[in-house]
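The chain contents come next:
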Amino acid sequence: MTPNCTAGETSPDPNLPERLQTPLRVGSVVLKSRVFQSPLSGVTDLVFRRLVRRYAPDSMLYTEMVNATGLHYGAQVPKIMEVDPQESPVSIQLFDCRPDFLAEAARLAVAQGASTVDINMGCPVNKITRNGGGSSLLRQPELAGEIVARVVAAVNVPVTVKTRLGWSDQEINILEFARRMEEAGAAMITVHGRTRAQGYHGPARWEWIKKVKEVLKIPVIANGDIFSATAAVKCLAETGADGVMCSRGTMGYPFLVAEVDHFLKTGELPAPPTPRQRLECARDHLQGLWEYKGERGLRQARKHLTWYARGFPGAAPLRGQLCLVSSLQEGLDLLDRAMDYLEEFAPREFRVNPGMVD
Ligand SMILES: Cc1cc2nc3c(=O)[nH]c(=O)nc-3n(C[C@H](O)[C@H](O)[C@H](O)COP(=O)(O)O)c2cc1C
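Residues numbered from 1 in each chain as written. Predicted model: local features only at pLDDT ≥ 70, side-chain atom pairs only at ≥ 80, totals over all residues. Heavy atoms only, no water.

### Description of the pattern of salt bridges
Part 1: Under the defined criterion, the tally for this structure stands at 19 salt bridges.
Part 2: The salt bridge involving Asp 261 is made with Lys 265; its shortest N-O contact spans 2.8 Å. Residue Asp 261 and its partner Lys 265 are located together in helix α10 (residues 256-266), separated by four residues, close to a single helical turn.
Part 3: On the accessibility criterion, Lys 265 (29% relative accessible area) is partly exposed.
Part 4: We note a salt bridge from Arg 283 to Asp 336, for which the minimum N-O separation is 2.8 Å. Of this pair, Arg 283 sits in helix α11 (residues 275-293) while Asp 336 sits in helix α14 (residues 328-345), and the two are 53 residues apart along the sequence.
Part 5: Judged by its relative accessible area of 26%, Asp 336 is partly exposed.
Part 6: Taken together, the salt bridges that share partners define one network made up of Lys 32, Asp 58, Asp 261 and Lys 265. (Salt bridge = Lys/Arg side-chain N within 4 Å of Asp/Glu carboxyl O. Helix = DSSP H or I, 4+ residues; strand = E, 2+ residues; numbered from the N terminus. Buried < 20%, exposed > 50% of the residue type's maximum accessible area, 1.4 Å probe, protein only.)

Laid out in structure tokens, this is it:
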């Protein structure tokens, strides 16, 4: 994990902000921010995205990945495909290996309000790859190209791809693969700098993202190990990428995308939220999940709440209680009591930095 930065620190590369202050064109869509909130299954639902959007008005947000076969046979549009009418720019991410199902799903995504349609070609999970989706498409570049071409033909919004370096160290094929996606009509590619075999282990290999950027004309977005604004700038400097995508660093920290965006635009780091502000955000998250999904939302909220409770006195025992909450009121009371405790005992100037753990 990259070390945290302190407020007031400025960009290590004075030329970088200027290049990155210009809008980013992705096909017909023009983005005012070059910082992306990644798709995270089980995390980036409508409630989480509203929180990210509260702080980062311009950034592209992504839904969780949606199964195109499930959509084809399903009777109704799943909740993970719902977007707010005013949420734009938002991308709906799809996974599958059947070009016709994906084309059909993409049309539905546009009807739902997607600004772009993203195709997942990076998911390492067995359940997905066994059925030919996610990162297994890296081993079937021809089919992956056909998928992109078919989806591009089906919709009038840009079609993008998110993928990895290859299946394993022995099969790194991202350069040929990315070129093929571009030829097939992809408007942008996001590269997670790990192989499928790596899962989420080891550092992301940004050097490969630099190579991808050198061979493509379409925008290349760097992904992997962006846990702070300074890490984002370092990644952009090293890769020459057109933008960065934040992922695990946003879990329990929906402020990250806005912090990176602000840093890129101004060269200044905003003060990180206080523990109280983080817990207030956790409160909104819990309330939102309850209102949107009821009991299921409450169960899902437990993990989010434990991610928020990091890096301040008393965070560890609080996490132990938050992961067991069995009602909305219990969760709200725990958070309120923690905020009162911080008010009384924690020094006012105490700040939590992104990625910090206690
Ligand atoms: C819990 C979790 C869920 C994820 N879900 C998705 C997903 O639905 N679609 C996708 O393209 N990537 C998904 N990813 C991968 C991330 O978007 C990202 O590529 C990866 O975490 C690398 O970035 P990081 O090192 O900054 O976390 C997921 C990762 C995690 C940890």
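### Quick look at the pairing of strand β8 (residues 159-163)
Part 1: Counted residue by residue, β8 has five buried out of five residues, so it is predominantly covered.
Part 2: As paired elements, strand β7 (residues 116-121) and β8 share five bridges and run parallel to each other. Looking at β8, one finds that Val 117 is bridged to Val 159.
Part 3: Relative to strand β9 (residues 188-192), β8 is paired through four bridges, and the arrangement is parallel. Following the sheet pairing, Val 161 is matched in β9 by Ile 189.
Part 4: For the handedness criterion, the β-α-β arrangement of β8, helix α7 (residues 174-184) and β9 is classed as right-handed. (Pairing = 2+ DSSP bridges. Right-handed = clockwise from strand over helix to strand, strands pointing away.)

### Considerations on the side chain of Thr 44
Part 1: Note on placement: Thr 44 falls in the loop between β3 (35-37) and α2 (46-55).
Part 2: Within polar-contact distance, the side chain of Thr 44 engages the backbone nitrogen of Glu 64 at 3.5 Å.
Part 3: For Thr 44, the residues in contact, after removing those within four places along its chain, are Gln 37, Ser 38, Pro 39, Arg 49, Tyr 62, Thr 63 and Glu 64. (Polar contact = N/O pair within 3.5 Å; in protein donor to acceptor, adjacent residues only side chain to side chain. Contact = heavy atoms within 4.5 Å.)

### Structural notes on the packing of α11 against α14
Part 1: Direction vectors running N to C along α11 and α14 enclose 170 degrees, while the axes themselves pass 10 Å from each other. Put simply, α11 runs roughly antiparallel to α14. Side by side, α11 and α14 meet where Pro 275, Arg 276, Leu 279, Glu 280, Ala 282, Arg 283, Leu 286, Gln 287 and Trp 290 of the first sit next to Leu 328, Gly 331, Leu 332, Leu 335, Asp 336, Ala 338, Met 339, Leu 342 and Glu 343 of the second.
Part 2: Here the contact of α11 with α14 is composed, by residue class, of 11 nonpolar, two polar and five charged. (Axes fitted to C-alpha atoms, helices over the stretch in contact; angles between N-to-C directions. Parallel < 35°, antiparallel > 145°, perpendicular 65-115°, else oblique. Nonpolar A, V, L, I, M, F, W, Y, C, P; charged D, E, K, R; others polar.)

### Brief notes about the nonpolar core
Part 1: Of all hydrophobic cores here, the largest spans 103 residues; its most connected members are Leu 94, Met 121, Val 151, Met 181, Ile 189, Val 244 and Val 260.
Part 2: Residue contributions to this core peak at seven residues, all from α14.
Part 3: Counting 11 residues, the second-largest nonpolar core is a separate cluster that includes Leu 24, Leu 31, Phe 36 and Tyr 62. (Core = buried A, V, L, I, M, F, W, Y, C linked by side-chain atoms within 4.5 Å.)

### With respect to helix α9 (residues 229-239)
Part 1: Within α9, eight of the 11 residues are buried, which leaves the element mostly enclosed by the surrounding structure.
Part 2: The complete set of buried residues in α9 reads Ala 229, Thr 230, Ala 231, Ala 232, Val 233, Cys 235, Leu 236 and Thr 239.

### Comments concerning the packing of aromatic side chains
Part 1: Under the definition given, this model contains three aromatic pairs.
Part 2: Consider the rings of Tyr 55 and Phe 255, whose centres lie 4.8 Å apart with planes at 45 degrees: the pair is tilted. Placement of Tyr 55 in helix α2 and of Phe 255 in the loop between β11 (243-246) and α10 is noted, with a sequence separation of 200 residues between them.
Part 3: Residue class for Tyr 55 comes out partly exposed when judged on its relative accessible area of 28%.
Part 4: For the ring pair Tyr 253 and Phe 255, a centre distance of 5.1 Å and an interplane angle of 70 degrees mean the geometry is edge-to-face.
Part 5: Using a relative accessible area of 7% as the deciding quantity, one classes Phe 255 as buried. (Phe/Tyr/Trp six-rings, centres within 6.5 Å; stacked < 30°, edge-to-face > 60°.)

### Points about the site of the ligand
Part 1: Of all residues adjacent to the ligand, which total 17 residues, the nearest are Ser 41, Gln 93, Lys 162, Asn 223 and Arg 248.
Part 2: Between the ligand and Ser 38 there is a distance of 3.3 Å, counted from an oxygen atom to a side-chain nitrogen or oxygen.
Part 3: Here an oxygen atom of the ligand and a side-chain polar atom of Ser 247 are 3.3 Å apart.
Part 4: Across the complex, the protein chains shield 88% of the 610 Å² of accessible surface that the ligand would expose by itself.
Part 5: At a threshold of 2 Å from the grid points, most atoms of the ligand map onto the largest pocket.
Part 6: For the shell around the ligand, the residue count by class is five nonpolar, eight polar and four charged. (Near = heavy atom within 4 Å. Areas by Shrake-Rupley, 256 points an atom, 1.4 Å probe, with all protein chains shown as cover. 1 Å grid on protein atoms, 1.4 Å probe; cavity = no way out; pocket = protein on both sides within 12 Å on 5 of 7 lines; lining within 4 Å. Sits in = over half its atoms within 2 Å of the grid points.)

### Observations concerning unusual backbone geometry
Part 1: The omega torsion across Ser 88 and Pro 89 is 5 degrees, close enough to zero to call that bond cis.
Part 2: By the secondary structure assignment, Pro 89 is in the loop between α3 (68-73) and β6 (90-95).
Part 3: You will see that Asp 225, though not glycine, has its phi angle at about 65 degrees, which is positive.
Part 4: Following the sequence through the fold, Asp 225 ends up in the loop between β10 (220-223) and α9.
Part 5: Residue classification places Asp 225 among the buried residues on the basis of a relative accessible area of 17%.

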